[in-house]
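Working through the structure, step by step
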Amino acid sequence: KGRQDIRFEALTSNIKSGTLLDYGCGFGDLSKFLEKNKISIDYTGCDVVPEFIETAKNENQGSFFLMDTISDKIDNTYDYIICSGVFNFMYSKEIKEHEKVVFERIKTLFNSCDKILSIDFQSPYVDFIQQDSFHQDICSLTSFISKNITRKFLVDHSYLPYEFCIHIYKNDRILRPENTFEN
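Quick summary incoming for the structure in this document.

Cut-offs and rules
Residues numbered from 1 in each chain as written. Predicted model: local features only at pLDDT ≥ 70, side-chain atom pairs only at ≥ 80, totals over all residues. Heavy atoms only, no water. Helix = DSSP H or I, 4+ residues; strand = E, 2+ residues; numbered from the N terminus. Buried < 20%, exposed > 50% of the residue type's maximum accessible area, 1.4 Å probe, protein only. Contact = heavy atoms within 4.5 Å. Polar contact = N/O pair within 3.5 Å; in protein donor to acceptor, adjacent residues only side chain to side chain. Expected span 1.5 Å × (residues − 1). Arc of directions from axis to C-beta. Disulfide = S-S within 2.5 Å.

**Quick notes on the environment of Asp47**
With respect to the helices and strands, the residue Asp47 is situated in strand 2 (residues 42–47). Accessibility expressed as a relative area gives 8% for Asp47, which makes it buried. Not counting residues up to four positions away in its chain, the partners in contact with Asp47 are Gly24, Cys25, Gly26, Phe52, Ile53, Phe65, Leu66 and Met67. A polar contact of 3.3 Å, which involves the side chain of Asp47, links it to the backbone nitrogen of Cys25. A distance of 3.2 Å separates a polar side-chain atom of Asp47 from the backbone nitrogen of Val49.

Below you can see the structure in the form of structure tokens.
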């Protein structure tokens, strides 16, 4: 609480215009943030909790849909997909099993994204870990992404002391002979 706008600012730092899926939208607070900050985007939110979607529809602009499970197929593609806090609670008692679910979902979300997938995680660099919470190992995440998805990503651990986000870019074309990523 009280840090949500800071988190949203980090997650939306690369958004220009187009379509956005707020995956795990909760009450749709990101929609309010976008409107308040005059970020013009075609917003869609989705969640697995029916009460969240109902509240989001009643209190926000944009469209919302209910998913049965976190692994539901996403039918459309979006320029941007944002996941804020979706993977911070354990889906399994085993960390490796949870991480496997997270990594598979990241692949699926990336396939539904046309520009940038941005995800917020709890950092492993903390003083205390609550029971059933998940703090993503940054090295295993970046290793997975670089080997299975793309080599163009940005890790931001600068906005809150116990969280980080990663921006995963769809366009990872390398310009030759400069050996730089295309913008």
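Let us keep going from here.
**Observations regarding helix 4 (residues 95–111)**
The end-to-end C-alpha distance of helix 4, which contains 17 residues, comes to 24 Å, matching closely the 24 Å that a straight helix rising 1.5 Å per residue would cover. Along helix 4, the positions that sit buried rather than exposed are His98, Glu99, Val102, Phe103, Arg105, Ile106, Leu109 and Phe110. Viewed end-on, helix 4 has its buried residues packed into an arc of 165°, placing them on one side of the element. Along helix 4, exposed side chains directed more than 90 degrees from the buried face belong to Lys96, Lys100 and Asn111. Summarising the contacts, the buried residues of helix 4 are in contact with strand 1 (19–23), strand 4 (78–84), strand 5 (113–122), helix 5 (138–148) and strand 7 (163–169).

**A word on the environment of Lys93**
With respect to the helices and strands, Lys93 occurs in the loop between strand 4 and helix 4. Taking C-alpha positions, Lys93 is 17 Å from Ile70, a pair spaced 23 residues apart along the chain.

**Topic: the state of the cysteines**
Applying the stated criterion to the full structure yields zero disulfides. Counting only cysteine sulfurs, Cys25 is the nearest neighbor of Cys46, a cysteine outside any disulfide, at a range of 6.3 Å. Classification of Cys46 as buried rests on a relative accessible area of 0%. Free cysteine: Cys83, not disulfide-bonded; nearest cysteine sulfur from Cys46 at 8.2 Å.

**Description of helix 1 (residues 4–11)**
Those residues of helix 1 that fall on the buried side of the exposure criterion are Arg7, Phe8, Ala10 and Leu11. Along helix 1, the residues classed as buried sweep out an arc of 160° about the axis, all on the same side. Of the surrounding elements, those touching the buried residues of helix 1 are helix 2 (29–36), strand 4, strand 5, strand 6 (153–156) and strand 7.

The quantities given are spatial measurements derived from coordinates; they are silent on function.
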